[in-house]
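# Summary of structural features
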Amino acid sequence: MFADPAVWLPFVFAALMGLSILIYVVLDGFDLGVGVLFPFATDAEKDRMVAAIGPFWDANETWLVLAVGLLLVAFPQAHGDILTALYLPVAVMLIGLILRGVAFEFRAKAAARWKKTWNHAFFAGSLMTSLSQGFMLGLYIMGLEWTLPHVAFALMTAVFLTVGYSFIGATWIIHKTDGVLQLAALQWAKGGIWGLVLGIGAISLATPLVSPRIFEKWFSWPEALWLAPLPLASGLIVLWLWSLLRKMPFAGDRRSWLPFALATALWTLAFGGMAYSFYPYVVPNKLTIYEAASSPESLMIILYGTLIVLPTILAYTVLAYTVFRGKATELSYE
Amino acid sequence: MDTLILSRIQFGANISFHILFPTITIALGWVLFYFKVAFTWTKDDRWMEAYRFWVKVFALSFAMGVVSGITMSFQFGTNWPGFMETVGNIAGPLLAYEVLTAFFLEAVFLGIMLFGAGRVPNWAHTGATFLVAFGTTMSAFWIIVLNSWMHTPQGFEMRDGVAHATDWWAIVFNPSMPYRLTHMILASFLTVSFLIAGISAYRWIIGGQTRGVRVALKSAVFGAALLIPVQIFVGDMHGLNTLEHQPQKVAAMEANWETAGNVPLVLFAIPDEETRSNRVEIAIPNGASLILRHKADGVVPGLNDFVTPEGDVLHPPVAPVFYGFRVMVGIGMLMLLVSWTVAFTMLRRKPGSKERRGVEGLPRWMLYGLVAMSFSGWVATLAGWYVTEIGRQPWLVDGVLTTRMAVADVPAPMVLSTLIGYLAVYGLLIVAYLGAIFYLARKASKGGTGPVVPGARLEGMGVAAE
Ligand code: HDD
Ligand code: HEM
Ligand code: HEM
């Protein structure tokens, strides 16, 4: 069955799109989270927090452009359906992204008396973006329908995703800073982890209840076996994170990267579960990836390019993170 | 107002805002690369001084370009789903290549260009600057390919109302692409030249008369003086190309109603679509025929040819295209006048000496003139795009898809609310952007470092060099 390009191409593109969304929620997740944590930090700490994400945020955000681009090019039919249904939250997110992106620059370049205002804009933009993305996630799970219970659920996921982002943001700060700020970030992370657990739990409970199809997939034998490792592994990671955060920081700043790595693993598992549940639908319960896909010739053209370019992109992304490895304070003193 | 008109206003507002910043970053990237290379070559610190100031403007403009660009990529889905559903097989790969080959390149190396100077060797930093400049140019290339294809589509066939690509070479190298791309890239270089000249003149006036300012001002004025004739020539070629493929657009640009020979060049008029004639008209006899056909009696298409017997109007609205064209060409002529006057003044020798007058020899009023022209490139670019895009109406993809067919089925009040949101944000940001540029100029002229912020971003060679 997979010999036919009309079958495997949509699958490959769904996988690529999933990959870029995952990379996006981890990477932009941490820098959005840093923005959401802004009010908890002192002015000097704010500067260090921005320094910890400054060289990366633009490239991080590009994964969103790639994800929506792939949706647009590979599944044009679904692209219209999804984005018109999410018209308002998308607009809120875009305005949030605008405020946040420019605040990065303005807070360092405009006259000093405006700096507070831009710090507020940075926080507000990060918050708007996180909340609206969480809202869209919830509405998507609920099948993109604007009914009261669905909106209520989406409001809940909005809060949870925001907490989740600030959690991963806190783990990034643990890795990129030291001293008082690192200790503060450890506290933030300890608070955030419970929001994350609640969020993943709520989504996992709601998803099968909304869709009989997903219920079927989760709770029928032997399919359930496929899924079982996900909650188990997630539970173990949460426990590990919890005990780790209580003991950190270690002497010589050892393993300061570990919480971020574990958080990433947790996201990946949660995301994998979602992807497994929704497959093969791109618009939940309405449109499968096979029905929504562009013509195979066009997908082929993009695939060639992607296969060449994607490894290159990954390589220079790694390069950038290598060039800017180490604690963020160093940025200002060379 | 209905969803269609609101969506059009919203799209127009968003793209107009977006294009302002790529117009700056496309050329400024190369200018920075030039400063950097000149520094590496001559070891003369004035180049680095210029680099350090303009890289700040670049970073600011880039951020504005990125965030407004992200808005653009969502617009297709939220407001124009019919576009991708009909021509997605062609537009999709072009947009995908833009993201893959351009956006990641510039976004990743921007970090190294802005913050990496102290972390990587000098050649690598220069290389990162090159890659960022190259990336912005690639962005422009892919998006202009798509836009040009929408004006002069070819290399595809329609199956069940959906366009399928048959010849990618023909799609990419569609007839208007080379002209539009060249004209746009030159527009970017001119915009940046006048921006650098204007801001440097401002710094010179308020007392920041350093060697870095002088070299930036000189480079910018001579650059503009060299490029503007080329731009006028390319613009003319572009117009001839349009005449061939979209005669109705040229008819609207010239406000010419009847197809005829010996058509005059209308310098100014008030076109009136009710009476289908021009009210006031100042014109040069045979001018349009001469420019477009290179013969006094050359036949120039008229708007009335594009009205069906049933009365359906198939040509674009005349007034905005007509005025937009005059604004663009008018600014082009002004740029010629200003850049040549200033360049010749700088090249003149001091009385009784072999030395050229240079920047010191410029009279005050010329410096003020340059300041006034700082953002003239923006005006010309916007005017030009309005001619191009409004001139394509009622089509979205010429002869394939009308704008009306592509619009989303979103309630009008919803579009209105987002439109108001965007306009408010854009209004604030433009003010903040202009304010920040002039603030940076004042700060640099005072020689002060301004607020030193621990952990703040460092451009160029880092804090020590500030
Ligand atoms: C600094 C900016 C600038 C300047 C000085 C000029 N232009 Fe321009 N023009 C543009 C910036 C621009 C632009 C914004 O870049 C456009 C919009 C689309 C395009 O390809 O270029 C454009 C479009 C455009 C078009 C419309 C093409 C079409 O889509 O059918 C024509 C005919 C010209 N130009 C001709 C000219 C002439 C004869 C000029 C002589 C002074 C001139 N332009 C100066
Ligand atoms: C290069 C990429 C571009 C693409 C793919 C593109 C595409 C479109 C689309 C989809 C529309 C909406 C339909 C419509 O209202 O007609 C439009 C209209 C418009 N565009 Fe562009 N555009 C591009 C560049 C630009 C630029 C750079 C500008 C200028 C600043 C511009 C100005 C406008 C305006 C003013 C309209 C509204 C025209 C009208 O409705 O009468 N466009 N274009
Ligand atoms: C409908 C049309 C357009 C869309 C969807 C679009 C989309 C985007 C996006 C998403 C970005 C951000 C990239 C990043 O994350 O780094 C961007 C930046 C950019 N765009 Fe556009 N764009 C459009 C029109 C144009 C036009 C007409 C031009 C120029 C001719 C242009 C040139 C650029 C350039 C040079 C950049 C990178 C530099 C910068 O951010 O200033 N774009 N665009």
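Because the structure is predicted, anything quoted here is derived from the model rather than measured.

### A closer look at the coordination of the iron atom of ligand 3
- Counting protein donors to the iron atom of ligand 3 gives just one, His18(B) (NE2), placed at 2.1 Å.
- By the secondary structure assignment, His18(B) is in helix H1 (residues 3-42).

### Focus on the pattern of salt bridges
- Going through the model one piece at a time under the given rule, you end up with 10 salt bridges over all chains.
- Notably, a salt bridge pairs Arg46(B) with Asp44(B), separated by 3.0 Å at the nearest N-O pair.
- Take Arg46(B): its relative accessible area is 27%, and that puts it in the partly exposed class.
- Among the residues examined, Asp44(B) registers a relative accessible area of 17% and is labelled buried.
- The residue Arg392(B) makes a salt bridge to Glu389(B) at a minimum N-O spacing of 2.9 Å.
- Residue Arg392(B) is classed as buried on the basis of its relative accessible area, which comes to 3%.
- Through salt bridges that share partners, Asp28(A), Asp31(A) and Arg100(A) make up one connected network.

### Regarding the pairing of strand S4 (residues 277-284) of chain B
Residue and element names in this part refer to chain B.
- As defined by bridge partners, strand S3 (residues 265-272) adjoins S4 across 6 bridges and the pair is classed as antiparallel. Among the inter-strand pairings, Ala269 is bridged to a residue of S4, identified as Glu281.
- Connecting the antiparallel pair S3 and S4 is a turn made up of 4 residues, with Arg276 showing a positive phi of about 50°.

### Some points on the interface of chain B and chain A
- Contact with chain B, which involves 71 residues of that partner, is made by 66 residues of chain A.
- When the area that chain B buries against chain A is broken down by residue, the three leading residues are Phe74(B), Phe104(B) and Arg119(B), summing to 13%.
- Between the two partners, chain B and chain A, sit 0 salt bridges.
- Across the chain B-chain A interface, the total number found is 3 residue pairs in polar contact (both at pLDDT 80 or more).
- Mapped onto the side of chain B that touches chain A, the elements with two or more residues apiece are helix H2 (45-79), helix H3 (81-115) and helix H14 (412-445) of chain B.
- With 22 residues, H3(B) is the single largest residue contributor to the side of chain B that touches chain A.

What counts, and at which threshold
Residues numbered from 1 in each chain as written. Chains lettered and ligands numbered in written order. Predicted model: local features only at pLDDT ≥ 70, side-chain atom pairs only at ≥ 80, totals over all residues. Heavy atoms only, no water. Donors = N, O, S within 2.8 Å, 3.2 Å for Na, K, Ca; no water. Helix = DSSP H or I, 4+ residues; strand = E, 2+ residues; numbered from the N terminus. Salt bridge = Lys/Arg side-chain N within 4 Å of Asp/Glu carboxyl O. Buried < 20%, exposed > 50% of the residue type's maximum accessible area, 1.4 Å probe, protein only. Pairing = 2+ DSSP bridges. Contact = heavy atoms within 4.5 Å. Buried area = accessible area lost by both parts, 1.4 Å probe. Polar contact = N/O pair within 3.5 Å; in protein donor to acceptor, adjacent residues only side chain to side chain.

Don't take any of this as a statement about function, it's just geometry.
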